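# Topology and contacts: notes
Each chain, written out:
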Amino acid sequence: MSLRAEDLSVAYDDRTVIRDLNLEIPAGQVTAIVGPNACGKSTLLRALARLLAPTAGAVLLDGEQIHRMRTKEVARRLGLLPQQPVAPEGLSVEDLVGRGRYPHQRFMQQFSDADEAQIEWALEVTATAALRRRPLDELSGGQRQRAWIAMALAQDTDVLLLDEPTTFLDLAHQVDVLDLVSELNERSGKTIVLVLHDLNQACRYAHHLIALKDGEVWARGDPADVISAQLVESVFGLRVAVVPDPVEGTPMCVPIGRVGRRMADVGEAGGAAATAPPARDDSAPGHADGDRAAQPPAAS
């Protein structure tokens, strides 16, 4: 399954947000789109999902222009979880997840055994099976986000686009959702594209990074090859120190900011008066892996 943009431009009325953008999403990998506010991240994702029509260029899904394809055909290949999805009041988790099967159904058709199996798998893999009877509006933020991801998984597409899936979640739930995304990619081979604000989370969980600024791609590739202090300052306007993540060894950006600069000045003054520099710990970072099964049901 291939997804790419060719000379893509997207505008809201007369304001162009993305101009002449070219990129290809690596198949079977997790790609994170990062960049400052209002740089075009969500606009790009919406264009890739066929929700926004380009003013120039094209989005190609398996070589076909996505805006010329039938809606149901696109929905069988590509799923989207928008930034702030809204469900009808009182809708249960199970009913929400079941809606992911609509692209695979014909008019007035009942759920087949294959539909039911896909729904059950989506509930199980997202740990929402115990919540199936609960109304969506009674759940916590983390539970609700898992339910929406379950619906996207029930859709059973090869490509999954997630627009800021960790927004409004506390840190524990953010990590929980990103762990789930990583496991789905590892176990099912899904191509996953997500917009993230947290650069360190993007570096830890993504195989491929796309850095946007002013609607243009400033850098792309493996996070270890892309992220540098110079790149972060150019794209985000923030001075950082880039160090290895102590758990995964991926790039980790430590903001310097005003406080950091003051502490550096103090350190330099103290160093000039000292007779010898302090010892430094050069120990290598560790590494940890999580492993939970996330296998979809066998195709019927």
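Residues numbered from 1 in each chain as written. Predicted model: local features only at pLDDT ≥ 70, side-chain atom pairs only at ≥ 80, totals over all residues. Heavy atoms only, no water.

## Notes on the sheet that holds strand 10 (residues 216-221)
Which entries qualify depends on this criterion: A strand pair is defined by DSSP finding two or more bridges across the two strands. Strands are runs of DSSP state E lasting at least two residues, helices are runs of H or I lasting at least four, and both sets are numbered from the N terminus onward. To get an axis, fit a line to the C-alpha atoms, keeping to the stretch in contact for a helix; angles then go from 0 to 180 degrees between the N-to-C directions. Note on contacts: a residue pair is in contact if any heavy atoms of the two residues lie within 4.5 Å.
Across the sheet, 6 strands lie side by side as 6-7-8-3-9-10; this open sheet has mixed pairing. Looking along the sheet, the strands with just one partner apiece sit at the ends: strand 6 (78-81) and strand 10. Direction aside, neighbouring strands of the sheet carry axes that sit 15° apart on average. Alignment of strand 6 against strand 7 (residues 159-163), held across 4 bridges, turns out to be parallel. The partner of Leu81 across the bridge, within strand 7, is Leu162. Of the strands in this sheet, strand 3 (30-34), strand 6, strand 7, strand 8 (191-195) and strand 9 (208-213) touch helix 1 (residues 41-48), which is tilted by about 150° from strand 7.

## Quick notes on the packing of helix 5 (residues 141-154) against helix 6 (residues 171-188)
To be explicit about the condition: Geometric relationships in this document are graded by angle, where less than 35 degrees denotes roughly parallel, more than 145 denotes roughly antiparallel, 65 to 115 denotes roughly perpendicular, and other angles denote oblique. Left-handed describes a crossing whose near helix is turned anticlockwise from the far helix through less than a right angle; right-handed describes the clockwise counterpart. Amino acids are sorted into nonpolar (Ala, Val, Leu, Ile, Met, Phe, Trp, Tyr, Cys and Pro), charged (Asp, Glu, Lys and Arg) and polar (every other residue, Gly among them).
Where helix 5 contacts helix 6, the axes come no closer than 10 Å and their chain directions differ by 20°. Taken together, the axis directions place helix 5 and helix 6 in an arrangement best described as roughly parallel. The element helix 5 and its partner helix 6 pack so that their crossing is right-handed. Along the contact surface, helix 5 presents Gly142, Gln145, Arg146, Ile149 and Leu153, while helix 6 presents His173, Asp176, Val177, Leu180 and Leu184. A breakdown of the residues in the contact of helix 5 with helix 6 according to their chemical character gives 5 nonpolar, 3 polar and 2 charged.

## Topic: the side chain of Thr157
We count it as follows: Think of it in three bands: residues with accessible area under 20% of the maximum for their type are buried, residues over 50% are exposed, and the middle band is partly exposed, with areas taken using a 1.4 Å probe on protein chains only. Whenever a nitrogen or oxygen atom comes within 3.5 Å of another N or O atom, the pair is scored as a polar contact, on the condition that within protein one atom can donate a hydrogen and the other can accept it, and that pairs from neighbouring residues in sequence are kept only if both atoms are in side chains.
Along the chain, the position of Thr157 falls in the loop between helix 5 and strand 7. The buried category is assigned to Thr157, whose relative accessible area is 2%. For Thr157, the side chain forms a polar contact with the main-chain oxygen of Val159, separated by 2.8 Å. Setting aside residues up to four positions removed in sequence, Thr157 forms contacts with Ala75, Arg76, Arg77, Leu78, Gly79 and Lys190.

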